[in-house]
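Each chain is listed here by its residues.
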Amino acid sequence: MESINTKCLIIGSGPAGYTAAIYASRANLSPVLYEGLQPGGQLTTTTDVENFPGYPEGVNGFDMMEDFRNQALRFNADIRSGIVTDVDFSNRPFVAKIDDGTVVNAETIIICSGASAKYLGLADEKTFSGRGVSACATCDGFFYRGKTVAVVGGGDTACEEASYLANLAKKVYMIVRKDYLRASKAMQNRVEGIDNIEILYNTNTVGLSGEKTLKKAQLVRFAGTESEEHFEIDIDGFFLAIGHHPNTEFLAGKIELDDKGFIVTKNGTTSTSVEGVFAAGDVADPNYQQAIVAAGSGCKAALDAERFIANHRM
Ligand code: NDP
């Protein structure tokens, strides 16, 4: 079993993790970064990122994360594959266990484990998982060329996924539970301007059905009112885009989390309830969840870790 010592362990590899690695490397902290389940994070499954400053023509999310990673490697960050399965914050150095059996002893830890897609909680979602149900249009949209699909949600993610799918599929329904889209005006305008997108407002999904693969969704419009109406749509694909939950399961009971599971940070810093443990990116951000914000907080976390080490003369 390998045991390694580091001044700074970074958990996670989205814009926050890689940015923290760039800053921590340049500050001579020789960080070790574990990439987690999805190297590069959620942006590797998006299409074009059009709002990250510095890319006037937009940039592919996967390519952008490769650039972040290469920049961290250029400053000799030790980037490794693996998932952190357990942490012990009771003493310094902190101890983290990796799924391959490696034990990391770290003077500081920066948690950037991000967030994962939410599901509605219908039993049928599991039944048709991989056979029509997906939470990633860019990963699975290819299988629905010329077919009919539905996207659930009315936020920016749902609009982005619907407009991406509209280029491949014959028809895209958006299933929106309110009578308006929560997405930014630019994204609303985009989906409203695409002919093969039909938005079903005030509508919820109550079931999915099919045989080997998904064939129909059972919907209810105006639930609980006099106008309540039940109907079905024929679909081949059902894409969830209803937000994300933070990846903090491995931290339960070890650090302060809010009621939704996000890591609580203090007074505009990246400090957590455990001195020497910092958090950055979507895992500590219930409000913004933007790549540029995550990158900025990764920078702050590396600076906070550097100052912590200097103040504690490690
Ligand atoms: P949001 O939380 O913004 O939107 C979630 C959507 O899903 C809302 O319409 C919500 O409905 C709906 N929803 C939630 N739970 C359910 C449910 N159980 N049943 C039906 N519908 C449900 O999440 P996003 O992932 O869209 O966006 C997260 C953040 O990332 C936002 O800040 C967004 O701006 C940002 N983002 C930005 C992008 C960009 O700028 N290009 C791209 C993607 C995301 P309701 O409104 O009724 O609550």
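Report follows, based on the coordinates. Since this is a predicted model, take the numbers as computed values, not measurements.

Focus: the packing of aromatic side chains
Per the counting criterion, the structure on display carries six aromatic pairs. Ring plane angle 80° and centroid distance 5.6 Å describe the contact between Phe89 and Phe94, whose orientation is recorded as edge-to-face. Using a relative accessible area of 11% as the deciding quantity, one classes Phe89 as buried. Given a relative accessible area of 1%, Phe94 falls into the buried group. Feature note: the residues Phe52, Tyr55 and Phe68 constitute an aromatic cluster, connected by ring pairs. The side chain of Arg26 reaches across the aromatic face of Phe75, ending 4.8 Å from its centre. Positioned above the aromatic ring of Phe142, the side-chain terminus of Arg145 is 4.3 Å from the ring centre.

Thoughts on the state of the cysteines
On inspection of all chains with the given rule, the structure shows zero disulfides. The structure places no disulfide on Cys8, whose sulfur is separated from the nearest cysteine sulfur, that of Cys112, by 8.8 Å. Under the relative-accessibility criterion, Cys8 is labelled buried at 0%. Assessed through its relative accessible area of 6%, Cys112 is described here as buried.

Let's talk about the pattern of salt bridges
The tally for this structure, following the rule as stated, stands at eight salt bridges. Linking Asp234 and Lys216 is a salt bridge whose minimum nitrogen-to-oxygen distance equals 2.7 Å. Here Lys216 lies in strand β15 (residues 214-221) and Asp234 lies in strand β16 (residues 229-234), a separation of 18 residues in the sequence. Close ionic contact of Arg221 with Glu229 constitutes a salt bridge, the shortest N to O distance being 3.1 Å. One salt-bridge network, in which partners are shared between bridges, spans Glu2, Asp78 and Arg80.

Side note on helix α2 (residues 61-74)
Along its 14 residues, α2 runs 20 Å from first to last C-alpha, staying within 8% of the 20 Å computed at 1.5 Å per residue. Among all positions in α2, only Gly61, Met64, Met65, Phe68 and Ala72 are buried. Axial view of α2: buried residues confined to an arc of 100°, hence all on one face. For α2, the secondary structure elements touched by its buried residues are α1 (15-26), β3 (48-49), β4 (59-60), β5 (78-80) and α7 (291-311). The N-cap of α2, judged by a side-chain oxygen 2.9 Å from the amide nitrogen of Phe62 a few residues on, is Asn60. Of the residues trailing α2, Asn76 is marked for its positive phi of about 70°.

A few points about the pairing of strand β17 (residues 237-240)
With burial as the criterion, each face of β17 is covered, one bearing Gly237 and Phe239 and the other bearing Phe238 and Leu240. In this sheet, β17 lies alongside strand β10 (residues 133-134) in parallel orientation, the contact comprising two bridges. What sits directly across from Ser134, in β17, is Phe239.

Cut-offs and rules
- Residues numbered from 1 in each chain as written.
- Predicted model: local features only at pLDDT ≥ 70, side-chain atom pairs only at ≥ 80, totals over all residues.
- Heavy atoms only, no water.
- Phe/Tyr/Trp six-rings, centres within 6.5 Å; stacked < 30°, edge-to-face > 60°.
- Buried < 20%, exposed > 50% of the residue type's maximum accessible area, 1.4 Å probe, protein only.
- Lys NZ or Arg CZ within 6 Å of the ring centre and 35° of its normal.
- Disulfide = S-S within 2.5 Å.
- Salt bridge = Lys/Arg side-chain N within 4 Å of Asp/Glu carboxyl O.
- Helix = DSSP H or I, 4+ residues; strand = E, 2+ residues; numbered from the N terminus.
- Expected span 1.5 Å × (residues − 1).
- Arc of directions from axis to C-beta.
- Contact = heavy atoms within 4.5 Å.
- Polar contact = N/O pair within 3.5 Å; in protein donor to acceptor, adjacent residues only side chain to side chain.
- Pairing = 2+ DSSP bridges.

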